[in-house]
Amino acid sequence: MPAFLQPSLGRRYIVLSLKGQRADAARLRAAQIGYVLGQAYERMRGAAVADHKNLLETALAAARGPHVDLIIELPGGVRITTDGTERENLEARALALELESLRLASATPPVTAPSPAPEPNPDTLLSSRIEMFLEEMAGKNRSDKNLMDTGHTLRLFLALGGDKPVQSVVADDIGRFMSAMRVWPANASKKPAYKGLSPTEIVAKAKREGSLGLAPRTREKHLDRLRLFFGTWLERGLGTSNPCNGFNVTNKAQDEARSREPFSSADLQKIFAPERILNTQPHKYWMPILGLYTGARLNELAQLHLEDIEEIAGIWGIHVRQKTKNKASRRFIPLHPELIRLGFLSYVGDVRAARFEHLFPGLTWGVNGPGDAVGDWFNRTYLRKTCGIDDTTKVFHSFRHTFATVAERAGVPDGRIAQLTGHSTGGTVLRNHYIKVAELPRRLEDISKVTFSEVRLIPRKPGFFEPYLRRQRALDNRARRAEEAEQK
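Presented here is an overview of the structure given in this document. Just so it is clear, the model here is predicted, and its values are computed rather than measured.

**Concerning the overall build of the protein**
- A count of helical and extended segments in the protein gives 20 helices and five strands.
- Residue burial in the protein is summarised as follows: out of 488 residues, 42% are buried.
- For the protein, restricting intrachain contacts to residue pairs at least 6 apart in sequence, the fraction spanning at least 24 positions comes to 68%.
- Of the roughly 26100 Å² that the protein leaves accessible, carbon and sulfur atoms contribute 53%.

Here you go:
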């Protein structure tokens, strides 16, 4: 097929049978078919694209038709008819080929249509890489909520921007998506007004109706998921930069301004009710307890390594030193006696025996650290649905305010509370190295004053989390083997 017809007809070749004819008869038949199709192609060159298929079908019908006598129509109304004998077939074939060569020599050279762009490698398309990314996340034991949220963001991005190779996504694509999120209705899929509409139609309708769009924090999470997705493929050689670089929804001052309230006594009773706290995932059990008795930030706890749990001068404590908010955040927090009574050190021993590097294996290490997965579960599911605490100013970070409030009521000076929580005092208190052995007994005394009579927890039995650790070890081994196989 000529190149200019291939896009409209969707084919590159035409294959027709010579119906058992042999030698010169077959060659003459082929010449006739070629001539008929050549004439058809010339007619198609001046016809509308919509007529191409009809013209081709007419030509093919003529070319396929049964013939006893072979007939060739030449320009000017000349017809060559043979009786099918080998001699006449040979002479007619020679004449037809000569006339066709003359016609082609005198014809205006056809305008060659530009070659169609090469098809992208389907393995690099967004649609393929999104499913691959989600499958890898599932293999790393990510929470169902995290998987669902990440899948929603990536598929929404695909639906609004179209399928293209991962490496061809640019900053403008991210900008258009974030603009759409500024009008995207919260819980759009659950609202009757948007039922049956495509994402593009939802955005158009939301713009017409002046939708308030998603909250800044929700838009920030969409951006974080995209940043992690593109960062993963960038590390594997797809692309030269992360298209999400340079985008932010809220600034640091706005983040700090978010109002957070401490938990009340009634809140703590709900959160730590014995029938609710029996979680077999160690991060969901220990991190709320650690937040309450250390005042540490969520990410500070989520990213702890085993080596961060250490005994210094007979006092067990937690080093906060991995990726900290600022220099003042680097500190050593003595373990509250309640944490030791509840068996925290026994759990640390189990994790060490299972040969893990991190204190809470299995957490997602995203752009903002591993705390997001725990925060989403605790703030959206555990607090709101399980405990029935609907006040949106109360989240995991409220443990930090609760700790500081109770410490102040217990008579611990502000400067020493700051040493425990990692707040900057604005003076010289935290300018020196964050561990002074001589001060550790006083720090332990200070933290021991922070008590919660409404929280009455029963220690877990030794080895309680070993089944989880074994499963996580198996998942990690499987993910490692899959990565090694992919690299080969």
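**A few points about the packing of aromatic side chains**
- On inspection of all chains with the given rule, the structure shows 21 aromatic pairs.
- Ring centres of W286 and Y347 lie 6.3 Å apart, and the angle between their planes is 35 degrees; on these two criteria the pair is classed as tilted. Of this pair, W286 sits in helix α12 (residues 282-294) while Y347 sits in helix α15 (residues 344-353), placing them 61 residues apart in sequence.
- Given the relative accessible area of 1%, W286 is considered buried.
- By relative accessible area, Y347 is classed as buried at 3%.
- Seen from their ring centres, F378 and F396 are 5.4 Å apart, and the 80 degrees between their planes marks the pair as edge-to-face.

**Considering the pairing of strand β4 (residues 315-320)**
- Here β4 lies mainly inside the structure; five of its six residues are buried.
- Between strand β3 (residues 309-312) and β4, which pair antiparallel one after the other, the connecting turn spans two residues, and A313 there sits at a positive phi close to 55 degrees.
- The pairing of β4 with strand β5 (residues 331-334) spans four bridges and is classified as antiparallel. In the sheet register, I318 faces β5, and the bridge partner there is I333.

**Some words on unusual backbone geometry**
- Its identity is not glycine, yet A313 carries a phi of approximately 55 degrees, on the positive side.
- Non-glycine residue R355 carries a positive phi angle of around 65 degrees.
- In this structure, R355 sits in the loop between α15 and α16 (371-386).

**Comments concerning the pattern of salt bridges**
- Summed over all chains, the structure comprises 17 salt bridges.
- The partner of D224 in a salt bridge is R227, with the nearest N and O atoms 3.3 Å apart. Here R227 and D224 lie together in helix α9 (residues 216-235), a separation of three residues that amounts to about one turn. Here D224 matches R227 in class, with each residue buried.
- For the salt bridge of R321 with D308, the shortest nitrogen-to-oxygen distance reads 2.8 Å. Of the two residues, R321 is situated in the loop between β4 and β5 and D308 in the loop between α13 (298-302) and β3; the sequence distance between them amounts to 13 residues.
- Of the residues examined, R321 reaches a relative accessible area of 24% and is grouped as partly exposed.

**A short note on helix α18 (residues 414-421)**
- Three or more residues of α18 are buried, namely I417, A418, Q419, L420 and T421.
- Positive backbone phi, at 80 degrees, marks G422, one or two positions downstream of α18.

**Describing the sheet that holds β4**
- Pairing is antiparallel in the open sheet, where three strands are placed in the order β3-β4-β5. Every interior strand has two partners, whereas the edge strands, β3 and β5, have only one. Put simply, the sheet's adjacent strands are angled 40 degrees from each other on average, direction ignored.
- Sheet topology note: the β3/β4 ladder contains four bridges and is antiparallel.

**Some details on helix α20 (residues 466-487)**
- Between the first and last C-alpha of α20 there are 32 Å, a value that for 22 residues agrees with the 32 Å anticipated at 1.5 Å per step.
- The inward-facing, buried residues of α20 abut α5 (126-139), α12 and α15.

**Overview of the environment of V348**
- Mapped onto the secondary structure, V348 falls in helix α15.
- The exposure class of V348 is buried, given its relative accessible area of 3%.
- Considering only alpha carbons, one finds V348 and H358, 10 residues apart in sequence, at a separation of 10.0 Å.

**Remarks on the packing of helix α6 (residues 144-161) against α9**
- In the contact formed by α6 and α9, the axes pass within 9 Å of each other and the chain directions differ by 80 degrees. The angle between the axes of α6 and α9 places the two elements in the roughly perpendicular class. For the pair formed by α6 and α9, the contact residues are D149, T150, H152, T153, L154 and F157 on the first element and H222, R225, L226, F229 and F230 on the second.

**Quick look at the nonpolar core**
- Judged by nonpolar contacts, the single largest core of 57 residues is most densely connected at I271, F272 and W286.
- In terms of residues, this core owes the most to one element, α12, which gives seven residues.
- Grouped together as the second largest cluster of nonpolar side chains are 30 residues, F133, L134, V169 and V183 included.

**Details of the environment of T392**
- In this fold, T392 is placed in the loop between α16 and α17 (398-409).
- We classify T392 as exposed; its relative accessible area is 58%.
- Separated by 131 residues in sequence, T392 and E261 place their C-alpha atoms 9.1 Å apart.

Reading guide: rules and limits
- Residues numbered from 1 in each chain as written.
- Predicted model: local features only at pLDDT ≥ 70, side-chain atom pairs only at ≥ 80, totals over all residues.
- Heavy atoms only, no water.
- Helix = DSSP H or I, 4+ residues; strand = E, 2+ residues; numbered from the N terminus.
- Buried < 20%, exposed > 50% of the residue type's maximum accessible area, 1.4 Å probe, protein only.
- Contact = heavy atoms within 4.5 Å.
- Areas by Shrake-Rupley, 256 points an atom, 1.4 Å probe, with all protein chains shown as cover.
- Phe/Tyr/Trp six-rings, centres within 6.5 Å; stacked < 30°, edge-to-face > 60°.
- Pairing = 2+ DSSP bridges.
- Salt bridge = Lys/Arg side-chain N within 4 Å of Asp/Glu carboxyl O.
- Axes fitted to C-alpha atoms, helices over the stretch in contact; angles between N-to-C directions.
- Expected span 1.5 Å × (residues − 1).
- Parallel < 35°, antiparallel > 145°, perpendicular 65-115°, else oblique.
- Core = buried A, V, L, I, M, F, W, Y, C linked by side-chain atoms within 4.5 Å.

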